[in-house]
Amino acid sequence: MTNRKRYLSNEKLRIYKEYLESIGKEFYTTTTSKYRISDELYNKLFLGDLKTEGIRKAANITEIDNKIIKHGWLKTKQASVFFTNPEYETIEFDVNCIDWDFILSDIKIESKEKEKEIIDNGIFDRFVYTDTHVGMNPNPDGYSLYGGRWDETELMDRLAQLVEHIIKNKNSKILVIDDLGDFADGYDGKTVRREHDLPQNMDNQKMFDVGVKFKFQMFKMLEKHYEKIIFNNICRSNHSASFDYIINSCFKNMINLISPEVEINNYRKFINYYQIQDNIFIITHGKDDVALKTGFKPHLQGEDLNKINDFIDNNFLQKRDCRIEFSKGDSHQLLLDWSSSDRFDYFNYPSIAPASSWVQTNFKKSISGCILFNYKSTFDYEIKPLFFKWKE
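Right, let's walk through the structure included here.

Calculation rules
Residues numbered from 1 in each chain as written. Predicted model: local features only at pLDDT ≥ 70, side-chain atom pairs only at ≥ 80, totals over all residues. Heavy atoms only, no water. Helix = DSSP H or I, 4+ residues; strand = E, 2+ residues; numbered from the N terminus. Buried < 20%, exposed > 50% of the residue type's maximum accessible area, 1.4 Å probe, protein only. Contact = heavy atoms within 4.5 Å. Axes fitted to C-alpha atoms, helices over the stretch in contact; angles between N-to-C directions. Parallel < 35°, antiparallel > 145°, perpendicular 65-115°, else oblique. Left-handed = near helix turned anticlockwise from the far one by under 90°. Nonpolar A, V, L, I, M, F, W, Y, C, P; charged D, E, K, R; others polar.

### What to know about the overall build of the chain
Next up, step 1: Scanning the chain from N- to C-terminus turns up 9 helices and 15 strands.
Next up, step 2: A total of 392 residues make up the chain; the buried ones form 46% of that total.
Next up, step 3: Across the chain, every contact between residues at least 6 apart in sequence was considered, and the portion connecting residues at least 24 apart equals 69%.

The structure is reproduced here in structure tokens:
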């Protein structure tokens, strides 16, 4: 047993003095307020039985179960003492003892509408759009031949229409979305070659914001309706080229953070291709940013035919029982040609945007739209176009 000199506070000194008097011993005051007390006695007076008894009395007065008090303060007119209760019983958590019926009795749980079952009657769906021309102003001075409106509101309205069209006509669990270029109208109000001015209703920053918003909302509106979505974006065209790449790169990085399983391909070559089973799609805008003085024509001609045949041969794309489609935008026309070549189909796709003031003056009002394909097999597919109404 060890006797050590210990400093005693006034409260402890009082308890110690009362203890000595209770056993008939005399209390001697020291000048240093230090007293020689054994470990056993110290624990008994200040950490053990006597202190516990004080806790019991306090618990009884306040009508609190002593075993659920972990620690606290004992306060009197003379002192305030913090304590840790040696009789505290730790309660072990048992999930099986939770009364869930009681907990949930006052909670209203609203059932969400069940998502539609994924349809899987075909090998894949393919949606093609092009020439969105975000930021274009089709009626810059109010006197273009047919007027027209193409702002953020109109763009998002057409997005809602095309998404509804896809969902309404879906026939597979896989969706491929091809954007064939000229997504933005231009940069600094000019085409890539900076040869002429473009009437625009947005600056570069606004076009970027609206373009990313369009792409992202398209994905969010479609994601629950397909198990797999693939985006193919042409980023080499005569109006926007690298600006399209910047927008699509931002979109890709955003989606990679929240849905890394989604495949996004941002193509920087003028002509590219991809294959799904026995279907090979050669995709391009139709006119590049630097080299071509004129792009691929709406009607397949000798020079264009030779270019496409060279591309097929150099990439070894010709295979037995495979279908090859050459897909292009730029012309703002819907022309699907199955007969000009016996090696591939030559498809022109309409623009989502309305006709610009320049197109209205040099050509005609034209149509705007996009196309959904339902592929049941390589050579068995349905074509479902969507056309937009002209807004004055």
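Picking up where we left off.
### Digging into the packing of helix α6 (residues 204-222) against helix α7 (residues 242-258)
Next up, step 1: Following both chains from N to C, one finds α6 and α7 inclined at 40°, their axes separated by 10 Å at the closest point. Overall, the two elements α6 and α7 adopt an arrangement that is oblique. Viewed along their axes, α6 and α7 form a crossing whose handedness is right-handed. Facing Asn204, Met207, Phe208, Gly211, Val212, Lys215, Phe216 and Phe219 of α6, the residues of α7 in contact are Phe243, Ile246, Ile247, Asn248, Cys250, Phe251, Met254, Ile255 and Ile258.
Next up, step 2: When its residues are assigned to classes, the contact of α6 with α7 shows 13 nonpolar, 3 polar and 1 charged.

### Focus: the packing of helix α5 (residues 152-169) against α6
Next up, step 1: At a minimum axis separation of 10 Å, α5 and α6 run at an interaxial angle of 20°. Here α5 is positioned roughly parallel relative to α6, judged by the angle of their axes. At the point where α5 passes α6, the crossing takes the right-handed sense. From α5, Glu152, Leu155, Met156, Leu159, Ala160, Leu162, Val163, Ile166 and Ile167 reach across to α6, where they touch Lys206, Val210, Lys213, Phe214, Gln217, Met218, Met221 and Leu222.
Next up, step 2: Of the residues belonging to the contact of α5 with α6, the class tally is 13 nonpolar, 1 polar and 3 charged.

### Examining unusual backbone geometry
Next up, step 1: In this model, Asp182 sits at a positive phi of 50°, which is unusual for a non-glycine residue.
Next up, step 2: Counting through the fold element by element, Asp182 comes out in the loop between β6 (174-179) and α6.
Next up, step 3: Asp182 sits in the buried class, given a relative accessible area of 1%.
Next up, step 4: The backbone of Ala241 sits at a positive phi, close to 40°, despite the residue not being glycine.
Next up, step 5: By the element assignment, Ala241 lies in the loop between β7 (228-234) and α7.
Next up, step 6: Ala241 gets classed as buried once you look at its relative accessible area, which sits at 3%.

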